[in-house]
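Given next are the chains, with one letter for each unit.
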Amino acid sequence: MPNLIWPRALSSDVGPSGLIGRSIHWLGVALAIAFLVTAMGFAVDGWSTVLATQLAVAAVVMALAARGVRYLLAKE
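In this report, the structure presented in the accompanying data block is examined. (Residues numbered from 1 in each chain as written. Predicted model: local features only at pLDDT ≥ 70, side-chain atom pairs only at ≥ 80, totals over all residues. Heavy atoms only, no water.)

1. Remarks on the overall build of the chain
Scanning the chain from terminus to terminus reveals 3 helices and 0 strands. When the helices and strands of the chain are listed from N to C terminus, the series reads α-α-α. Buried positions account for 24% of the 76 residues belonging to the chain. For the chain, the exposed surface amounts to about 5300 Å²; the carbon and sulfur share of it is 76%. (Helix = DSSP H or I, 4+ residues; strand = E, 2+ residues; numbered from the N terminus. Buried < 20%, exposed > 50% of the residue type's maximum accessible area, 1.4 Å probe, protein only. Areas by Shrake-Rupley, 256 points an atom, 1.4 Å probe, with all protein chains shown as cover.)

Rendered as structure tokens:
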């Protein structure tokens, strides 16, 4: 089961597509964190719980999609 979460050991030799994949992954993770912080702010302030829920869902989807891009391009 641990291989499902992190299938392979990291390698420093992934090539140009791997570096692009890793960059897209970390950019997606950073954006997902920003979306979650914004969603928490909306929920706490009570401005829009619907928008907060949509932002939280978008953050999860973005993080998973970024991980998928890393799987495809960096093959890890």
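2. Topic: the environment of Ile20
Among the secondary structure elements, Ile20 is positioned in helix α2 (residues 15-45). Counting along the chain gives 49 residues from Ile20 to Val69, while the straight-line C-alpha distance between them is 9.2 Å.

3. Quick look at the environment of Arg22
Residue position: Arg22 is located in helix α2. A C-alpha to C-alpha distance of 8.2 Å links Arg22 and Val69, two positions 47 residues apart in sequence.

4. What to know about α2
The terminal C-alpha atoms of α2, which comprises 31 residues, lie 45 Å apart, in line with the 45 Å expected from a rise of 1.5 Å per residue. Regarding α2, the residues found buried are Gly18, Gly21, Arg22, His25, Gly28, Val29, Ala32, Ala39 and Phe42. Considering only its buried residues, α2 is in contact with α3 (49-74). Taken from the residues just after α2, Gly46 is the one with a positive phi, measuring 75°. (Expected span 1.5 Å × (residues − 1). Contact = heavy atoms within 4.5 Å.)

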